[in-house]
Amino acid sequence: MFYQDTAAAIATSSKDGSISVIRVSGDRSCEIVSSIFFDKHMNPVTLSQCRTHTIRYGYICEKENDIIDEVLVLIMKGPKSYTAEDVIEIQCHGGYMICQMILELLVRRGARIADPGEFTKRAFLNGRIDLSQAESVMELIQAKSDIAVKNSMSQLRGKIKKKIEELRKVILEDLSFLEAALDDPEHITLDNFSETIRRHTQQLKEELEHLLDNSQNGRLIKEGIRTAIVGKPNVGKSSFLNCILRDDRAIVTDIPGTTRDTLEEEIKIGSTLFRFIDTAGIRETEDVLENLGIDKTKKAIESADFVICLIDMSRELEEEDFYVLEQAKNHPGIILCNKSDLPARVTMEQLPEYENKKVISFCARTGEGLEQFEEYIHTLFLSDKIRYNDEIYITNARQKALLIEALESIRQLWNSVEAGMPEDLYSIDLMNAYETLGKMIGETVEDDIVDKIFKDFCMGK
Ligand code: GDP
């Protein structure tokens, strides 16, 4: 075991709640908690003698009859616990002071306050979970949509680990065979090996490419679909955003200070997270083109996964409208003809060139067209863009970078095989790919990287 001491931390949010949980993990957790825990008759309880995975009711006391709180104590002895060590969880009343008093008492009796993410790190170091599972714990906590939860949960259950282990197994077999044959050419022949390695390299290349392709979806799942709202000034961009942010809508967060000129809102529509970028704040000047904030509109469109082009139906189409439509022409998006409550000056026939996008009549003032709009983008992303199913969607930047690196080694190997290079040259690329993939699950990863990963975790996790 890596950690010798026993650590304790408040595992629940610091905001007021009816219950809080204090987690204690390590060899001495039973002993330490026993020293402050008394049953309803004020008798001391020896937790090490209690059955594992049971709950005891009682009091936390500084000393007999000096009660701090009425609690439930959960006993989870290792290895069947979160950290694989002996874990005791104290469920006390919610409230900052109570938790602090219990935590301080635990420290006085020999526990150390856990570092952020230390419990998950212990689980990793004790071999209960791999690094990709540990990272998914954080993603699960931070998930902002149903599919993000689903995705992190499947990673937590070891989906990435299983796939990576499969790929590494193929590499290791080739590597071992190659090394053995090079060491003992008299008994092991490399005849026909080129064909085997060719087949394996092709398969590895395809699988890694597929994982990387899916990681684009992973980004949409985790960060939300970047949706730019564009249109000339006064077309109703802010009103549209307000309309979609109607009271019954779950607004996940406001993102303050993203830029001075744009406003971002995260909104969950159906099971999907959308990140709306309102370019309404674009600076207005005398110059018509600058007035439109050409650069910003362009950038907003370029960096968006989806573009909402707003047209004011009550005014003739102008150069600025065509500019926006033109910029967004080859981008996935929708055209909303806003202000449908006013007499129309624009007809659909005026938009023939842009018909590759769905056009919806809309009214930000009354909400007409909102339902149709939401249904359209939700179905579009679920069926077409996100294609969420049982596959692996890598959402973690560290893991994605390692996938790219591993693919690079496999591509090099592929080139060597294709060019008929001598077999002894294959080992280097095979080894690189093997080690890089190992870093994804934490098998060959350096301590400082591990520390860095867990440093970003929350306290008590
Ligand atoms: P932005 O500059 O594109 O963000 O436009 P705003 O959202 O600030 O709207 C400009 C003006 O149009 C405001 O006076 C809004 O009240 C008005 N407006 C926006 N949407 C509608 C609509 O659907 N119908 C009507 N009648 N007025 C609207």
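Since we're looking at a predicted model, the values are computed, not measured.

Conventions and cut-offs
- Residues numbered from 1 in each chain as written.
- Predicted model: local features only at pLDDT ≥ 70, side-chain atom pairs only at ≥ 80, totals over all residues.
- Heavy atoms only, no water.
- Salt bridge = Lys/Arg side-chain N within 4 Å of Asp/Glu carboxyl O.
- Buried < 20%, exposed > 50% of the residue type's maximum accessible area, 1.4 Å probe, protein only.
- Phe/Tyr/Trp six-rings, centres within 6.5 Å; stacked < 30°, edge-to-face > 60°.
- Helix = DSSP H or I, 4+ residues; strand = E, 2+ residues; numbered from the N terminus.
- Lys NZ or Arg CZ within 6 Å of the ring centre and 35° of its normal.
- Axes fitted to C-alpha atoms, helices over the stretch in contact; angles between N-to-C directions.
- Parallel < 35°, antiparallel > 145°, perpendicular 65-115°, else oblique.
- Left-handed = near helix turned anticlockwise from the far one by under 90°.
- Contact = heavy atoms within 4.5 Å.
- Nonpolar A, V, L, I, M, F, W, Y, C, P; charged D, E, K, R; others polar.
- Near = heavy atom within 4 Å.
- Polar contact = N/O pair within 3.5 Å; in protein donor to acceptor, adjacent residues only side chain to side chain.
- Areas by Shrake-Rupley, 256 points an atom, 1.4 Å probe, with all protein chains shown as cover.

1. As for the pattern of salt bridges
All told, the structure shown has 27 salt bridges when counted by the stated rule. Of the charged contacts in the structure, one is a salt bridge between Asp-66 and Lys-63, with a shortest N-O distance of 3.7 Å. Since its relative accessible area comes to 32%, Asp-66 is described here as partly exposed. Three or more residues joined by partner-sharing salt bridges are found here, namely Lys-232, Asp-312, Arg-315, Glu-318, Asp-321 and Lys-339.

2. Some thoughts on the packing of aromatic side chains
Throughout the structure, instances matching the rule amount to 8 aromatic pairs. Ring geometry for Phe-240 against Phe-373: centres 5.4 Å apart, planes inclined by 85 degrees, an arrangement best described as edge-to-face. A residue pair is termed long-range when its members are at least 10 positions apart, and Phe-240 in helix H8 (residues 237-244) and Phe-373 in helix H12 (residues 370-385) qualify at 133 residues. An identical accessibility class is assigned to Phe-240 and Phe-373; each is buried. Here the aromatic cluster, defined as three or more aromatic residues joined through ring pairs, consists of Phe-240, Phe-274, Phe-276, Phe-362 and Phe-373. Here the guanidinium or amino end of Arg-128 rests over the ring plane of Tyr-82, the centre of that ring lying 5.4 Å away.

3. Topic: the packing of helix H7 (residues 193-223) against helix H13 (residues 397-418)
Interaxial distance between H7 and H13 falls to 9 Å at its minimum, and their mutual angle equals 150 degrees. Put simply, H7 runs roughly antiparallel to H13. Here the hand of the crossing between H7 and H13 comes out left-handed. Across the interface between the two elements, Ser-194, Ile-197, Arg-198, Thr-201, Gln-202, Leu-204, Lys-205, Leu-208, Glu-209, Leu-211, Leu-212 and Ser-215 of H7 pack against Lys-400, Leu-403, Ile-404, Ala-406, Leu-407, Ile-410, Arg-411, Leu-413, Trp-414, Val-417 and Glu-418 of H13. The class makeup of the residues in the contact of H7 with H13 is 13 nonpolar, 4 polar and 6 charged.

4. A look at the site of the ligand
The immediate surroundings of the ligand are formed by 16 residues, with Asn-234, Lys-237, Ser-238, Ser-239 and Asp-341 found nearest. A distance of 2.9 Å separates an oxygen atom of the ligand from a polar atom in the backbone of Ser-238. Lys-339 places a polar side-chain atom, nitrogen or oxygen, 3.0 Å from an oxygen atom of the ligand. Within the complex, 76% of the 570 Å² of free accessible area of the ligand lies under protein. In the shell around the ligand, the residues fall into 6 nonpolar, 5 polar and 5 charged.

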